[in-house]
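Fold and contact review
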Amino acid sequence: MKPYFPFSLAVGITLSPLLAAEFQGAESILKQVAEMSGNKAAATGETNPAIDLAKKIKALETAAATLSPDEAALQWLDCFDAYRRMSSEMLEMAAPANEGKALSLKTLVTALPPSAAWDKIVAGMETRAATEPEKIKSTLHLFATILGNDNPARLKAIDAVQATVTKSNSGDSSFNYYANNYGEQLRDAVVSIGADPKQTLETFEKRLKAAESPSKRNESSSDTTLVIPDLVKLAGAEKAAQLLDRAVVLNVNLDTHDEQMHKACVEATTRNISRLKKPQWDLVQGYEELPLYEAMAKRFPRAKDDYTRRDADRVYLIGLIASGRTKEADEFLTERLSDSESRFEFFNDHTFERMNRDGLGKKLISFLEVSLTRNPALPLWEGLSSLSLLEGQSASLLTFLEKMLAKPGLEPSNVAELRSTYLKALLAVGRIDEAIALLKTELHADTKNAGDTDEAAGTRLGQGIQLMKIGRLLKKPELIDEGMAAAKDSLQKLPKRDYETSSAVGELTDELIALDRGAEAEGILSSNLLTLVQFKAREHSYEIKETLTALVSLYDKTKRPEDVLFLLDHSPAWAVSDLTQLSAPLPVIAARALTAVGRNEEAGKIVRRVVQDNPGDDSGYELLLKLGGDDIPALLDNTYSYDRFEERPLIWKARLQLDQGKTEEAEKTIRAAIAVDPSDGEQGKGDRLRAYSVLANVLEKKGDTDQSASVRKAVKAIRLSEDADDWYAAGLLSRAVAMYEESLGYFSDAYCIQSRLARRQSELGDFEKAAEHYRRAFELMPDSFGRVESHCFGCEGTFSDPKAQTTAEKVFATLTEKLPDRPQVFYLYGYLKEEQDKPAEAAVLFQNAVKLDPDYLNAWIHLSSAAEAAGLPPTERDDIMLKIARLDPKGNHGSSSFKGFSDLRRLWDNLLALDQSQPSLETGPLYPLAASKLAMDEKAKKTTDSSDPFEGYSSRENPYSRESFREKFQENPMIDASLTLLEQALHKE
């Protein structure tokens, strides 16, 4: 099929080559590499030993567990020997047989046999090491010790690798760098899993001595980082102080994650200030470090472009304000902002949250107002607006802005920023008519003197979209039309397409679709596509693909299935050969289009794959039930069995049972779905609480009209709160609050509505009401959370609000006494302690939760995060990681990383067992994207482009596929670092 683009004729551009030139397949790369390296074997179809090795490794993955340990070890060593003999160019040629990737030692590790064979492999590696040059010998020995599970031997092997750098003087700067840096990373990993205090102290003292060597001491600058362990615990206070006095005067960066040691480092740096070789700006983290900052600033004059000082500058400024030294703060800010290289954000969300938590938000607001009164050109308006909202000071902000706008002689650019801030404040407090009048004034203002044309057009584009949103919410068509006209005009004045413009185009078309103005949305998208294509395809390949996706979604929403299929079949810009390689929602959209044109068999195959690969997508299940089939009940059961923390298969099974008249079975199934995730918070607008809608239908069918009506009220409350979210997103805060309050009239036991209402009331400054709604939200949370909770929109940061934390502390402390058998109570209390940065307390609470419910996945996940900081021993941390992997093998609900695992042999055997226990899922192509495939193939035949051919190309058949557990084994730092060093020694990066 010839690639076709109906838009190309309009601008006289041949689009197909431009789009196709961006991509090519793995086979093309193999041919190019073969030609460049002079190896004709791959080009002529002769046997390629690298491909043969890739196939052999893949076969060994399957066979190793069935072989005797000795035979499995011999076959693995044979593969290693074959790998060792190949050049880097040959290993690149294995890509077609290795999921588009070159062969590497990490590929070989995925075929390791069970650990019973490892002693034989270790012996074989040691035998091979004996005949190799020193560099390869030491790295082979190192990898053997990693598999050997002997920590002292591992540390000696690291020393041996690093010693080759000193001995060889070979000038191999790449290996030397890797030996030093990866060697130290590996040492940290080995020491960490050993949990041996003596070993930890010895390792630190060794690094300290190395950093004191003349070669290091005399360097003018260094990026070396010296990690400071808990020296007081390891060596006592007196010796710790002695060691720190030596450390702080070195030409290294200091790093410690322990609060006590951070304080000790600050004290040591302060008392040794005259001996410092470099400033330790990273130690300046809190208000109490102002004296240290000032001492270092005096000792080390500011260097140009000193980015290492930026965070310390921010902390210092905030510290000056917090301590009431506002005159000095003003002088410091003026000095820093006068330097064009230093005009970065002094105030960010983290700053605001911290000052709010410490009760210093109003002090900062006062400082910002004084600074902006003196100089309205300072880039502080957005910060003032955000902090005022967080502090509930919107009304005070309005008063200040009105005073500022009345000042004569303001620069046009200053007036524009003032008005933008004023507009947000007007909307927040509900003065909507005034906000609209101001917005319309801005849209029709003369922009000739407003600065950069692109910037002014971009601002006006955003304002036009905002007016459209307000018009839609208020149901005022004239505002929609006025905003639309301004947005269209602004787009025409923006010939370039950067990220912000593309994002605005998406917002604009979403608004048009919401207004049922699909034809206009199509015009915007097609115009955007043409503009993108006029630039180099490589420069805008992502935006082109995103625009095509938006067009397909538009045609889907406007019931134009032929257009959906035309774009999929004829566009060469998808850069993949099959529909399965495109991410959601394109596969289900294609299935819907095929169903609409009567191609049900093709649609059925696609939608079954969608349900398998993306089991949280309601649209796939909806189409599945519409298409029908005797296999649907079994398919739904299987999908749930793959992931018992995903409730969607149960919801749709209940829907199917209800349709079949199996009311009792449907009720049992739907109540099981609700138990999995009662709040259903991860779903988007219109899909949340779908389970309750089904339950209401079940209850009605049973004749329980009262209960049915009660459940429907709960759903209605959530839908109304979702509408309120739209008003809040448009900046209409007070209107949103009124709608949240109305929604609670239908269902007051929705923790998510209570939580969102509390946050919004806090932003309006009504802290008393906010506290009451926070209290009710926290009381409701235990009944609203399953083993994997999903916070609804607007609830994610509930515990980060300091006002909420105080209330939550009281509620959860009381609930742990009243409900000692409820795991959710302990989980939530632990979650709060995490937010308060108290990992040890959090870990105890999470442990209580998993004791009460051993399958509480999220409690295990949070316990894993807190485990190391809480001082849990390595073996216990190993147990936690394995528990998470067994509960959530696909990693759908959290991390199944094994980076801190201590016993590699135990880890590997468990990972093999987990891999074998997983169901075999359907893979492979389903629906070919003919024009895209052809474009890729044509490019592969004639390209001379030397840049990265895989840019933007997906080599996996299934975009939802997870890494196998074998691949996750490579993430362990002991495996990763030792393989990287060995690869470097072999000159095969």
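Some details on the overall build of the protein chain
Counting its regular elements, the protein chain contains 52 helices and two strands. Put simply, the protein chain has 989 residues, and 51% of those count as buried. Here the contacts in the protein chain between residues at least 6 apart in sequence split such that 67% fall between residues at least 24 apart. Summing over all exposed atoms, the protein chain offers an accessible surface of approximately 44400 Å²; the carbon and sulfur share of this is 50%.

What to know about unusual backbone geometry
With the exception of glycine, the majority of residues adopt a negative phi angle, and the majority of peptide bonds are in the trans configuration. Between Ala 584 and Pro 585 the backbone carries a cis peptide bond, its omega angle lying at 10°. By the element assignment, Pro 585 lies in the loop between helix H32 (561–570) and helix H33 (586–596). A positive phi angle is found at Ala 575, which is not glycine, with a value near 65°. By secondary structure assignment, the location of Ala 575 is in the loop between H32 and H33. You can call Ala 575 buried: its relative accessible area is 0%.

Looking at the packing of helix H9 (residues 118–129) against helix H49 (residues 904–917)
If you want to describe how two helices pack, look at the angle between their axes and the distance between the axes. For the pair H9 and H49, interaxial distance at closest approach is 12 Å and the crossing angle is 120°. As far as their axial angle goes, H49 and H9 are oblique. On H49, the residues that touch Trp 118, Asp 119 and Val 122 of H9 are Leu 904, Arg 905 and Trp 908. Class assignment for the residues of the contact of H9 with H49 results in four nonpolar, no polar and two charged.

Comments concerning the pattern of salt bridges
In this structure the tally under the stated criterion is 64 salt bridges. The partner of Asp 637 in a salt bridge is Lys 653, and the shortest N-O contact between them spans 2.8 Å. Taken together, the residues span a long stretch of sequence, with Asp 637 in helix H36 (residues 632–642) and Lys 653 in helix H37 (residues 648–659) at a distance of 16 residues. For Arg 712, the salt bridge is made with Glu 700, and the minimal N-O distance between the two is 3.4 Å. Pair noted here: Arg 712 is in helix H40 (residues 705–729) and Glu 700 is in helix H39 (residues 690–702), with a separation of twelve residues, a long-range link. For Arg 712, a relative accessible area of 32% gives the class partly exposed. Residue class for Glu 700 comes out partly exposed when judged on its relative accessible area of 46%. A network of salt bridges, in which partner residues are shared, links Asp 159, Glu 184, Arg 187, Asp 188, Lys 206 and Arg 207.

With respect to the packing of helix H23 (residues 381–390) against helix H24 (residues 394–405)
Closest axis-to-axis distance for the H23/H24 pair is 8 Å, and the angle between their directions is 150°. Classed by the angle they form, the pair H23 and H24 counts as roughly antiparallel. In this structure, H23 contributes Trp 381, Leu 384, Ser 385, Ser 388 and Leu 389 to the contact, and H24 contributes Ser 394, Leu 397, Phe 400, Leu 401 and Met 404. Residue composition of the contact of H23 with H24, by class: seven nonpolar, three polar and no charged.

So, the packing of aromatic side chains
Within this structure, the stated rule accounts for 20 aromatic pairs. Ring centres of Tyr 827 and Tyr 856 lie 5.1 Å apart, and the angle between their planes is 40°; this geometry places the pair in the tilted category. One end of the pair, Tyr 827, is in helix H45 (residues 823–835); the other, Tyr 856, is in the loop between helix H46 (839–852) and helix H47 (857–867), with 29 residues separating them in the sequence. In terms of burial, Tyr 827 and Tyr 856 fall into one category: buried. Site record: aromatic cluster; members linked through ring pairs are Trp 281, Tyr 293, Tyr 316 and Phe 332. The side chain of Lys 135 reaches across the aromatic face of Phe 175, ending 5.0 Å from its centre.

Re H40
The end-to-end C-alpha distance of H40, which contains 25 residues, comes to 36 Å, matching closely the 36 Å that a straight helix rising 1.5 Å per residue would cover. Every buried residue belonging to H40 is among Ser 708, Val 711, Ala 714, Val 715, Ala 717, Ile 718, Leu 720, Ser 721, Glu 722, Ala 724, Asp 725 and Trp 727, and all of these are buried. Looking one or two residues beyond H40, the residue adopting positive phi is Gly 731, at roughly 90°.

Here's the deal with the nonpolar core
If you look at the biggest cluster of nonpolar residues, it comprises 216 residues, and the most contacted ones within it are Ile 228, Phe 347 and Phe 812. Leave out the neighbours within four places in its chain, and Phe 812 touches Phe 778, Met 781, Phe 799, Val 825, Leu 828, Tyr 829 and Leu 832. Grouped together as the second largest cluster of nonpolar side chains are 72 residues, Ile 57, Met 86, Ala 129 and Ala 179 included.

Thoughts on the side chain of Glu 511
Relative to the helices and strands, Glu 511 resides in helix H29 (residues 499–514). Take Glu 511: its relative accessible area is 5%, and that puts it in the buried class.

Let's talk about the environment of Asp 255
Position of Asp 255 relative to the elements: it lies in strand E2 (residues 253–255). Given the relative accessible area of 26%, Asp 255 is considered partly exposed. Among all residues touching Asp 255, those that are not within four sequence positions of it are Thr 225, Leu 226, Val 227 and Ile 228.

Some thoughts on the environment of Tyr 642
On the secondary structure map, Tyr 642 appears in helix H36. Sequence-wise, Tyr 642 and Pro 889 are 247 residues apart; in three dimensions their C-alpha atoms are separated by 8.7 Å.

Structural notes on helix H5 (residues 49–63)
Taking 1.5 Å of rise per residue, 15 residues should cover 21 Å, and H5 covers 20 Å from first to last C-alpha, within 8% of that figure. Looking at H5, one finds that the buried residues are Ala 50, Ile 51, Leu 53, Ala 54, Ile 57, Leu 60 and Glu 61.

Observations concerning the environment of Leu 473
Positionally, Leu 473 belongs in helix H27 (residues 453–474). A relative accessible area of 11% means that Leu 473 is categorised as buried. A sequence separation of 250 residues divides Leu 473 from Asp 723, and the C-alpha atoms of the two residues are 9.3 Å apart. If we skip the residues at most four places from it in the chain, Leu 473 touches Asp 726, Trp 727, Ala 730 and Leu 732.

Re the confidence of the model for the protein chain
On average, residues of the protein chain score 83 in pLDDT, and 86% of them reach the 70 mark or higher. Across the protein chain, the secondary-structure element scoring lowest on mean pLDDT is helix H2 (residues 15–20), at 28, and the one scoring highest is H33, at 97. The low-confidence segment residues 942–962 (pLDDT under 50) makes 53 contacts with residues lying over four places distant or belonging to another chain.

Conventions used here
Residues numbered from 1 in each chain as written. Predicted model: local features only at pLDDT ≥ 70, side-chain atom pairs only at ≥ 80, totals over all residues. Heavy atoms only, no water. Helix = DSSP H or I, 4+ residues; strand = E, 2+ residues; numbered from the N terminus. Buried < 20%, exposed > 50% of the residue type's maximum accessible area, 1.4 Å probe, protein only. Contact = heavy atoms within 4.5 Å. Areas by Shrake-Rupley, 256 points an atom, 1.4 Å probe, with all protein chains shown as cover. Axes fitted to C-alpha atoms, helices over the stretch in contact; angles between N-to-C directions. Parallel < 35°, antiparallel > 145°, perpendicular 65-115°, else oblique. Nonpolar A, V, L, I, M, F, W, Y, C, P; charged D, E, K, R; others polar. Salt bridge = Lys/Arg side-chain N within 4 Å of Asp/Glu carboxyl O. Phe/Tyr/Trp six-rings, centres within 6.5 Å; stacked < 30°, edge-to-face > 60°. Lys NZ or Arg CZ within 6 Å of the ring centre and 35° of its normal. Expected span 1.5 Å × (residues − 1). Core = buried A, V, L, I, M, F, W, Y, C linked by side-chain atoms within 4.5 Å. pLDDT = per-residue confidence, 0-100.

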